[in-house]
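Chain by chain, the residues run as shown.
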Amino acid sequence: MLDQAWTLSDSVALRPEPFGALAYDFTTRRLSFLKDPGLVDVVRQLREHADVTETLDAVGVPSSDQPRFRAALQRLADQHMIVPRSPQ
Amino acid sequence: MTAVAERPAPNRLVDHFEFGLDAPICLTWELTYACNLACVHCLSSSGRRDPRELTTQECTELIDEFERMQIFYVNIGGGEPTVRPDFWDLLDYAVAHHVGVKFSTNGFRITRDRAEQLAATDYVDVQVSLDGATAEVNDPIRGAGTYDAAIRAMDNLRDAGMKDFKLSVVCTRENISQLDDFKKIADDHGAQLRLTRLRPAGRGADVWEQLHPLPHQQRELYDWLVANGERVLTGDSFFHLSAFGSALPGLNLCGAGRVVCLVDPVGDVYACPFAIHENFLAGSVRDGGFQHVWRHAELFRSLREPQTGGACTSCAAYDSCRGGCMAAKFFTGMPLDGPDPECVKGNAEYVTAGDRPTPSQDHSHKGTVRNAPVPVTIGRRPPTTLCNESPVTAADFASAAGGV
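Residues numbered from 1 in each chain as written. Chains lettered and ligands numbered in written order. Predicted model: local features only at pLDDT ≥ 70, side-chain atom pairs only at ≥ 80, totals over all residues.

Novice: Hey, could you run me through the overall build of chain A in this one?
Specialist: Tallying secondary structure elements over chain A gives three helices and five strands in all. The globule rule puts the C-alpha radius of gyration for 88 residues at 12 Å, and the 12 Å found for chain A is close to it. If you line up chain A on its principal axes, its C-alpha atoms span 30 × 30 × 20 Å. Classification of the 88 residues of chain A by burial places 33% in the buried group. At a minimum sequence separation of 6, the contacts of chain A that also span at least 24 residues come to 49%. (Helix = DSSP H or I, 4+ residues; strand = E, 2+ residues; numbered from the N terminus. Rg over C-alpha atoms; globule rule 2.2 N^0.38 Å. Buried ≥ 20, exposed ≤ 12 C-beta atoms within 10 Å, placed from the backbone. Contact = placed C-beta atoms within 7 Å.)

Below, the structure is given as structure tokens:
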């Protein structure tokens with residue numbers, strides 16, 4: 001998924017909270033917790049960048065943290081909270 | 001560290017929850033005190049409408065505020081919410097404003113047409129209340145004809161294609177033995193079973209002693225919940241049972257004023273749905289709006305402070321049960337920093353309960369109610385065969401036949 005363009009699903013809303021954000025999918029009624037403010041930035045900015053790696057770099061995620069961010073994004077993709085975006 | 005969790009592990013995130021969030025996760029909105037029934041254990045002592053209830057316009061303004069605060073869904077109850085003439089309009093308004101609705105109903109008004117309407121609406125979920133898997137167990141608690149009405153409502157929802165609606169059961173001494181039967185009823189209707197705890201709030205305080213599950217039933221319930229796992233919903237109701245062993249699915253903390261609150265029909269905001277009492281009243285939405293109450297009410301600020309476990313702190317199970325339910329302690333006259341009245345370690349026996357608090361509101365019906373609870377002594381099962389208790393017995397027959 002790393003070289004693909006992604007975006008937050010249209011049916012998902014993010015609500016900022018001190019720990020990160022609540023993510024709610026209005027279609028599946030699933031509530032998830034993004035337990036890291038950095039991850040919230042990444043998810044919000046996915047749509048601005050060509051792929052995941054570029055987004056992580058743009059947000060300034062240190063390379064030592066990138067593996068767990070990628071794993072977190074993979075889980076969000078599995079739940080369809082983030083979805084592939086066609087390249088512009 | 002896990003950066004994403006559907007159900008958070010009880011570590012960091014729970015600490016955030018205890019500190020309180022910018023908006024509630026689980027907001028219950030009792031839309032009216034009016035109800036066509038008179039259930040013996042009603043948490044909100046409902047029956048008669050309150051003349052001061054929020055107007056339609058106030059309700060839509062409140063929904064606008066929920067939308068601004070990104071409260072993604074609300075649990076609507078009552079009373080019976082469907083008796084409010086503007087209920088269906090408010091439902092549509094909420095959904096159109098990105099506030100999903102799950103509403104509780106006794107099912108009397110869930111006709112075929114309404115079921116089809118609900119099945120066709122996104123962001124709406126329905127919770128049908130039933131407190132016995134048979135009419136014999138249900139109707140003494142919820143009222144004559146209420147078992148049939150709930151089953152009919154569920155039939156209508158299933159036939160309309162509504163998926164995963166909820167069958168909601170309050171666990172009592174009378175129905176703990178029916179958990180498998182409830183599960184079957186839910187499965188047969190394509191519904192999910194939701195079990196919640198009987199609370200001594202409202203009229204529930206009057207029947208608590210007769211109806212709350214006995215110690216061995218608490219164990220039976222815990223084992224059943226562990227065996228059935230996340231397929232059965234509990235609304236985090238039973239965290240006091242976690243002291244039996246491993247924690248049950250859920251957050252396992254008292255969310256009152258932290259992630260949970262209640263808005264009542266007149267716009268008063270309470271710390272939780274089980275604590276409609278002036279001691280847990282944080283403010284009113286009529287006085288500066290909901291967000292102001294949620295973020296600044298003195299009561300909520302104090303609930304978000306670290307709580308003392310009092311006498312419970314020395315118990316090995318304290319980390320699992322956290323001293324149990326604040327409302328259950330309050331309404332049974334027990335100290336808030338002591339054990340839960342249903343403490344599974346038996347510690348409640350060592351606490352002297354004070355007087356039960358005087359209710360601060362009562363909207364119970366004063367006159368007759370068509371579907372009143374069936375007048376039998378709670379706990380008395382009907383005879384299994386007519387002959388066991390019929391005045392016309394086999395002995396009479398034998399006597400007439402020239403026997404004894």
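What follows continues from the structure just given.
Novice: Looking at this structure, I do not really get the overall build of chain B. What am I missing?
Specialist: Summing up its helical and strand segments, chain B has 15 helices and ten strands in all. In chain B, once contacts between residues fewer than 6 apart in sequence are set aside, the share between residues at least 24 apart is 70%.

Novice: Would you mind showing me how to read the packing of helix α5 (residues 135-142) of chain B against helix α6 (residues 146-159) of chain B here?
Specialist: Angle between the axes and distance between the axes are the two parameters that describe a pair of packed helices. Residue and element names in this part refer to chain B. Viewed as axis vectors pointing N to C, α5 and α6 meet at an angle of 105°, and their least axial separation amounts to 8 Å. For the element pair α5 / α6, the angle class is roughly perpendicular. For the pair α5 and α6, contact is made by A135, N138, D139 and R142 and by T146, Y147 and D148, respectively. Considered class by class, the residues forming the contact of α5 with α6 number two nonpolar, two polar and three charged. (Axes fitted to C-alpha atoms, helices over the stretch in contact; angles between N-to-C directions. Parallel < 35°, antiparallel > 145°, perpendicular 65-115°, else oblique. Nonpolar A, V, L, I, M, F, W, Y, C, P; charged D, E, K, R; others polar.)

Novice: I'm lost on the packing of helix α1 (residues 37-45) of chain A against helix α2 (residues 52-59) of chain A in this one. Help?
Specialist: Residue and element names in this part refer to chain A. Two numbers describe how α1 lies on α2: the axes approach to 9 Å, and their chain directions differ by 130°. Viewed along their axes, α1 and α2 adopt a mutual orientation that is oblique. The interaxial crossing formed by α1 with α2 has right-handed handedness. Across the interface between the two elements, G38, D41, V42 and Q45 of α1 pack against T55, L56, A58 and V59 of α2. Tallied by class, the residues present in the contact of α1 with α2 amount to four nonpolar, three polar and one charged. (Left-handed = near helix turned anticlockwise from the far one by under 90°.)

Novice: Sorry, what's going on with the pairing of strand β4 (residues 100-105) of chain B here?
Specialist: Here is the key point about a regular strand: its side chains alternate between the two faces of the sheet. Residues and elements named next belong to chain B. Bridge analysis of strand β3 (residues 73-77) against β4 gives four bridges, and the strand direction is parallel. By the bridge assignment for β4, I76 is matched with F103. Across five bridges, the pairing between β4 and strand β5 (residues 124-129) is parallel. Counted as the bridge partner of F103 is V126 from β5. In this fold, β4 hands off to helix α4 (residues 112-119), which returns the chain to β5; that crossover is right-handed. (Pairing = 2+ DSSP bridges. Right-handed = clockwise from strand over helix to strand, strands pointing away.)

Novice: I'm lost on the nonpolar core in this one. Help?
Specialist: Among soluble globular proteins, nonpolar side chains are generally buried collectively. Residues and elements named next belong to chain B. Core analysis: the biggest nonpolar cluster contains 129 residues, and L167, Y270, C272, A275 and A327 have the highest contact counts within it. In terms of residue count, the dominant contributor to this core is α6 (six residues). Sequence-distant contacts of A275, defined by excluding residues within four places in its chain, comprise A201, A256, Y270, F280, A327 and F330. (Core = buried A, V, L, I, M, F, W, Y, C linked by C-beta atoms within 7 Å.)

Novice: It is not clear to me how the sheet that holds strand β10 (residues 281-284) of chain B should be interpreted in this structure. Could you clarify?
Specialist: Note on sheets: strands pair through backbone hydrogen bonds, and any given pair is parallel or antiparallel. Residue and element names in this part refer to chain B. Ordered by their spatial adjacency, nine strands build an open sheet running β7-β6-β5-β4-β3-β2-β8-β9-β10, and the pairing between neighbours is mixed. Looking at strand neighbours, the two that pair on one side only are β7 (192-197) and β10, the edges of this open sheet. Each strand axis lies, on average, 25° off the axis of its neighbour in the sheet, ignoring direction.

Everything listed is a geometric property; what it means functionally is a separate question.
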